[in-house]
Amino acid sequence: MTPQGRQAPGDAEDDALPNSRLPTPDRDPLSPRRVATIRRLMLTGLGLFAVLAIGDFFILERHTRLVLLLRCGLIAMMFLPWLLARNARTSGQLAMWVYVQLLLASTGTSLNLYFDQTRLMAPINTMMLVIMVSGPAWSSLRYFVGGMLGSLVPLAIALAIAQVDAVAWYHYTVYLGASVLSAFALWRQRMHAANASALLRAELERRAVEDALTGVLNRAGWNTQATATLAAADAKDLPVSLLFLDLDHFKSINDRHGHAAGDAVIERAAQLIRNEVREHDLVARLGGEEFAVLLTGAGALRAHEVAGRIRRNFESDSGPVPGTLCVGVAERSPGESLAGLMDRADAALLRAKRNGRNRIESAVAS
Ligand SMILES: Nc1nc2c(ncn2[C@@H]2O[C@H](COP(=O)(O)OP(=O)(O)OP(=O)(O)O)[C@@H](O)[C@H]2O)c(=O)[nH]1
């Protein structure tokens, strides 16, 4: 313990939150496997587009060499986002390259619109363009169904005003395939990013209230949960008791056996404390080697029993390094604040230290 009887607030949290190891949204965990999957989908979309654009010229002999040249140029350009996606470090970067490829494919569709003389192709191409560039809206099943149904409208118009020949169906099928595939890639990417950020948020929330070394509450978590527990106990008129525990001569354990051994002793103490309390009781590490336990439904007598078991178990434990601890016990007076209760338990703990250590002292009544 420090001369003031308690480690400075925040010390445990500083130790508990090694910020350098925290994942951040900027360092979105994008695995190489995910990048490979999305790039495979991009390549498939590119292949489908190439089949349409080049196959159209050779198989159906519909376009001029200029159109073929323009299309080959576009296909070559579509390789660029596919290549660059390999270096994507975040989901956002990866999605950006998928969008760029979609944009190039849409440009190709517009070329068709410009050069194609078939009346049917105009609405079909427009429809495909809409599907392709509306990629971001494909993030939910509702939008997907809406988009697909909407795309049937220009198709119906085309069917009504023009003769549907094999070429038209060929274009329609290939464009649709490429669009659905690209949209699917985007959708999966978005789902993955959403899951990753939800996991990250949950992890950060957990770390904000948990002591990294022992897994019990840290001071921030203690303040919130202990306050809520006192309010709940008031509502149900339940007794509440507080234990303040502090390991004896911990500095000398560190000095003689090293910091790692000291950490192991702290972990073991937390484990032994947890073994003696019930599921709904709160256990927190408030400072280096100082713990607090809030026992709901327990008066002074039961609190002393729990404290006694913890003290004995710690003393007789064959853990990393033998040691002892002191406990200050305080039963809450009706309506007493958390701060008041903690002050009394702390004073009792100090008395236990002064009276020779390895002992339990009760707080004076408030
Ligand atoms: N290993 C380890 N040591 C810590 C940690 N946090 C604080 N300490 C050390 O714990 C020691 C606490 O020392 P003191 O407050 O003097 O208390 P003490 O030596 O236990 O003495 P008494 O409480 O009076 O019996 C200091 O040496 C701190 O450096 C931690 O997370 N791990």
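Going by an unreviewed UniProt entry, the protein carries the name diguanylate cyclase and comes from Lysobacter koreensis. Quoted verbatim from the Catalytic activity (unreviewed entry) heading of the UniProt record, the comment on the protein is "2 GTP = 3',3'-c-di-GMP + 2 diphosphate".

A. Quick look at the pattern of salt bridges. For the coordinates displayed, the defined rule picks out 15 salt bridges. Note that Asp281 is salt-bridged to Arg278, the shortest N-O span being 3.6 Å. The exposure class of Arg278 is partly exposed, given its relative accessible area of 36%. Linked by salt bridges that have partners in common, Glu203, Arg206, Arg207 and Glu210 make up one network.

B. The UniProt feature "transmembrane region" (unreviewed entry) in the protein, seen in detail. Under the feature "transmembrane region" (unreviewed entry), the UniProt entry names residues 41–60, 66–84, 96–114, 143–162 and 168–187. Here residues 66–84 runs as 100% helix and 0% strand, with 28 Å between its end C-alpha atoms.

C. Region of the structure containing the sheet that holds strand 4 (residues 325–331). Spatially, 2-3-1-4-5 is the arrangement adopted by the 5 strands of the open sheet, whose pairing is mixed. Looking at the sheet topology across the chains shown, the edges are occupied by strand 2 (282–287) and strand 5 (360–362). Across the sheet, the mean angle separating the axes of adjacent strands is 20 degrees when strand polarity is ignored. Of the pairings in the sheet, the one linking strand 4 to strand 5 comprises 3 bridges and is parallel in character. By the bridge assignment, Val327 is partnered in strand 5 with Ile360. Lying on the sheet, helix 8 (residues 219–236) is in contact with strand 1 (240–247), strand 2 and strand 3 (290–296); it crosses strand 2 at an angle near 140 degrees.

D. Highlighting the packing of helix 9 (residues 250–257) against helix 10 (residues 259–276). Here helix 9 crosses helix 10 at 135 degrees, and the two axes come no closer than 6 Å. Compared by their axis directions, helix 9 and helix 10 come out oblique. Across the interface between the two elements, Phe250, Ile253, Asn254 and His257 of helix 9 pack against His259, Ala261, Gly262, Val265 and Ile266 of helix 10.

E. Examining the nonpolar core more closely. Core analysis: the biggest nonpolar cluster contains 28 residues, and Leu243, Leu245, Val293 and Leu295 have the highest contact counts within it. It is helix 10 that contributes the most residues to this core, 7 residues altogether. When near neighbours in sequence (up to four residues on either side) are disregarded, Leu243 contacts Phe291, Ala292, Val293, Leu295, Ala303, Val306, Ala307, Ile310, Val327, Gly328 and Val329. Ranked by size, the runner-up nonpolar core spans 23 residues in total, among them Trp222, Ala284, Ala330 and Met342.

F. Expanded view of unusual backbone geometry. Positive phi values are uncommon outside glycine, yet Asp237 reaches one of about 60 degrees. Within the fold, Asp237 resides in the loop between helix 8 and strand 1. Here Arg357, not a glycine, exhibits a phi torsion of approximately 70 degrees, which is positive.

G. Local environment of the packing of aromatic side chains. One pass over the structure, following the stated rule, counts 1 aromatic pair. A ring pair is formed by Phe79 and Trp82, whose centres lie 6.0 Å apart and whose planes are at 80 degrees; its orientation type is edge-to-face. Of this pair, Phe79 and Trp82 both sit in helix 3 (residues 65–84), 3 residues apart, which is roughly one turn of the helix. The class for Phe79 is partly exposed, based on a relative accessible area of 33%. Under the relative-accessibility criterion, Trp82 is labelled buried at 18%. Above the plane of the ring of Trp82 lies Arg39, whose end atom (NZ or CZ) is 4.4 Å from the centre.

H. Representation of the side chain of Glu336 in the model. Within the secondary structure, Glu336 sits in the loop between strand 4 and helix 12 (338–354). Residue class for Glu336 comes out buried when judged on its relative accessible area of 10%. At a separation of 2.8 Å, a polar atom in the side chain of Glu336 contacts the side chain of Arg344. Dropping the residues within four chain positions of it, Glu336 is found in contact with Leu230, Glu331, Leu341, Arg344 and Ser366.

I. Region of the structure containing the pairing of strand 3. Among the 7 residues in strand 3, 7 count as buried, and that is most of the element. Taken together, the 7 bridges between strand 1 and strand 3 define a ladder with antiparallel strand orientation. Within the sheet, the bridge partner assigned to Ser241 lies in strand 3 and is Leu295. As judged from the 5 bridges shared by strand 2 and strand 3, these two strands associate in the antiparallel manner. Bridging from a neighbouring strand, Leu282 pairs with Leu294 of strand 3. Joining the antiparallel neighbours strand 2 and strand 3 is a turn of 2 residues.

Calculation notes
- Residues numbered from 1 in each chain as written.
- Predicted model: local features only at pLDDT ≥ 70, side-chain atom pairs only at ≥ 80, totals over all residues.
- Heavy atoms only, no water.
- UniProt positions renumbered as here; feature names shortened; annotations may be inferred.
- Salt bridge = Lys/Arg side-chain N within 4 Å of Asp/Glu carboxyl O.
- Buried < 20%, exposed > 50% of the residue type's maximum accessible area, 1.4 Å probe, protein only.
- Helix = DSSP H or I, 4+ residues; strand = E, 2+ residues; numbered from the N terminus.
- Pairing = 2+ DSSP bridges.
- Axes fitted to C-alpha atoms, helices over the stretch in contact; angles between N-to-C directions.
- Contact = heavy atoms within 4.5 Å.
- Parallel < 35°, antiparallel > 145°, perpendicular 65-115°, else oblique.
- Core = buried A, V, L, I, M, F, W, Y, C linked by side-chain atoms within 4.5 Å.
- Phe/Tyr/Trp six-rings, centres within 6.5 Å; stacked < 30°, edge-to-face > 60°.
- Lys NZ or Arg CZ within 6 Å of the ring centre and 35° of its normal.
- Polar contact = N/O pair within 3.5 Å; in protein donor to acceptor, adjacent residues only side chain to side chain.

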